[in-house]
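Notes for the structure review
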Amino acid sequence: MKRILVTGGAGFIGSHLCKKLLDDGNEVIALDNFFTGSKQNIIQLMDKHFFELVRHDVTMPYFAEVDEIYNLACPASPIHYQYNAIKTVKTSVLGAINMLGLAKRVNAKIFQASTSEVYGDPEIHPQPESYWGNVNILGPRSCYDEGKRVAETLFVNYYRQNNVRVKIARIFNTYGPNMHPNDGRVVSNFIVQALKNQDITVYGNGSQTRSFQYVDDLISGITRLMDLTDDDFIGPVNIGNPKEFTILELAQKIIKLTNSASKIIYMPLPEDDPMQRKPNINLAQEKLNWTPKTDLEQGLQKTIIYFDEILKK
Ligand code: NAD
Ligand code: UDP
């Protein structure tokens, strides 16, 4: 049995990860400051004997004897990470420093939840890990993008200088149950709007693209990466679903699947909103023998059921 620390454990992805790690027979400590996460996401885990919940902010040092750390703490939705941009940078950078320091001290293996946002508004399509990206240093998204880029730099250098065992995944747009109804990201926004028969808010003309990955596929990808015995394969490795859709196509699909009376309305495109995004997953296929299994329609159906239930409460 391993003792595993999950920062951001009460968030959308963190809650699924904690469940999977517990189901696999590990002891799990979820650490969270509840900025965007909630106890509700992990309420079913609370009475498990090998689960602990710690209210803590990763910008402050934390100590626990653990075998592995998954560093997920960071708001991920643009509206939330832009709410306090300085705090977002601190969470990514100080959070990485604190968790890497802990990993070094207790000799733990450590995973970093990096992001496709390190590619910014990409000029290369689809994006391979070798692409350095196109990020506006001064734009409204840079607190998140640059914070995550510095975190990758820190991880790589703790590996090179201190032999810390690190693994970095660049996660592409992921959706599923346990997203907050007011999360602000596109899949949850559209599903909640459709279920309430409200207008569907497409930003811009809806021709921008994203590639949507169901959360179960992500969890299988990142745990495979962490479980690799080759300590010299540290990533970064793209984990995402390469099937690409326009935002307008997503809106139409969700209206159809929910049988909604909602109308599509068009709103201004946020500044620096990337025009296209799609992962090249050759590296994940080769090194992790991993490929996403859930297609968009299947994943949306499960997510719609989740939101339908919580909106009725
Ligand atoms: P989320 O907002 O649901 O979860 C983030 C969690 O971190 C929340 O529980 C929040 O309360 C916690 N948190 C934030 N700041 C903290 C701090 N200073 N100290 C302690 N806890 C803190 O988002 P998510 O979608 O679950 O994302 C999890 C991780 O995955 C993030 O690091 C995000 O950048 C990364 N990621 C997510 C996606 C995606 O599409 N969901 C894509 C790329 C990367
Ligand atoms: N988007 C939209 N309507 C919404 C929310 C988002 O059209 O209500 C668009 C957004 O402008 C972007 C895409 O959907 O082009 C994905 O946005 P999200 O915030 O989910 O993630 P990210 O931009 O970080 O990929």
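Summary of the structure given here.

The rules behind the values
- Residues numbered from 1 in each chain as written.
- Chains lettered and ligands numbered in written order.
- Predicted model: local features only at pLDDT ≥ 70, side-chain atom pairs only at ≥ 80, totals over all residues.
- Heavy atoms only, no water.
- Helix = DSSP H or I, 4+ residues; strand = E, 2+ residues; numbered from the N terminus.
- Buried < 20%, exposed > 50% of the residue type's maximum accessible area, 1.4 Å probe, protein only.
- Polar contact = N/O pair within 3.5 Å; in protein donor to acceptor, adjacent residues only side chain to side chain.
- Contact = heavy atoms within 4.5 Å.
- Pairing = 2+ DSSP bridges.
- Axes fitted to C-alpha atoms, helices over the stretch in contact; angles between N-to-C directions.
- Left-handed = near helix turned anticlockwise from the far one by under 90°.
- Nonpolar A, V, L, I, M, F, W, Y, C, P; charged D, E, K, R; others polar.
- Near = heavy atom within 4 Å.
- Areas by Shrake-Rupley, 256 points an atom, 1.4 Å probe, with all protein chains shown as cover.
- Salt bridge = Lys/Arg side-chain N within 4 Å of Asp/Glu carboxyl O.

Along the chain, Asn-26 falls in the loop between α1 (12–23) and β2 (27–32). When its relative accessible area of 8% is taken as the criterion, Asn-26 is described as buried. Within the structure, the side chain of Asn-26 is placed 2.9 Å from the backbone oxygen of Leu-21, a separation counted as a polar contact. In this view, Asn-26 contacts Met-1, Lys-2, Ile-4, Leu-21 and Phe-50; residues no more than four positions away in its chain are not counted.

Taken together, seven strands build an open sheet; the order of strands is β3-β2-β1-β4-β5-β6-β11 and the sheet is parallel. Where the open sheet ends on each side, the last strands, each with one partner, are β3 (51–55) and β11 (237–239). Between one strand axis and the next, the sheet turns through 20 degrees on average, direction left out of account. Bridge count for strand β1 (residues 3–7) against strand β4 (residues 68–71) is four bridges, and the pairing is parallel. Bridging from a neighbouring strand, Thr-7 pairs with Asn-71 of β4.

Positionally, Leu-102 belongs in helix α3 (residues 85–106). Considering only alpha carbons, one finds Leu-102 and Gln-161, 59 residues apart in sequence, at a separation of 15 Å. The residues touching Leu-102, leaving out its near neighbours within four places in the chain, are Leu-5, Tyr-62, Phe-63, Ala-64 and Ile-69.

Interhelical geometry of helix α5 (residues 186–195) versus helix α7 (residues 247–258) gives an angle of 40 degrees and a closest axis separation of 9 Å. Crossing handedness for the pair α5 and α7: right-handed. Side by side, α5 and α7 meet where Val-186, Val-187, Phe-190, Ile-191, Ala-194 and Leu-195 of the first sit next to Ile-247, Leu-250, Ala-251, Ile-254 and Thr-258 of the second. Class assignment of the residues belonging to the contact of α5 with α7 gives a composition of 10 nonpolar, one polar and no charged.

Around ligand 1 there are 30 residues in total, and Asp-32, Thr-36, Tyr-144, Lys-148 and Thr-174 lie nearest to it. The contact in question runs from an oxygen atom of ligand 1 to an N or O atom on the backbone of Leu-72, over 2.8 Å. Starting from 820 Å² of accessible surface for ligand 1 in isolation, the protein chains cover 97%. Secondary structure elements with two or more residues in the shell around ligand 1: α1, α3, β5 (109–115) and α4 (142–162).

Going through the model one piece at a time under the given rule, you end up with 14 salt bridges. In this structure, Glu-297 engages Lys-253 in a salt bridge whose closest nitrogen and oxygen atoms are separated by 3.2 Å. Of this pair, Glu-297 sits in helix α9 (residues 296–312) while Lys-253 sits in helix α7, and the two are 44 residues apart along the sequence. The exposure class assigned to Glu-297 is partly exposed, which follows from its relative accessible area of 33%. Taking relative accessible area as the criterion, Lys-253 reaches 23% and is therefore assigned partly exposed. Salt bridges sharing partners connect three or more residues here, namely Lys-2, Glu-68 and Asp-227.

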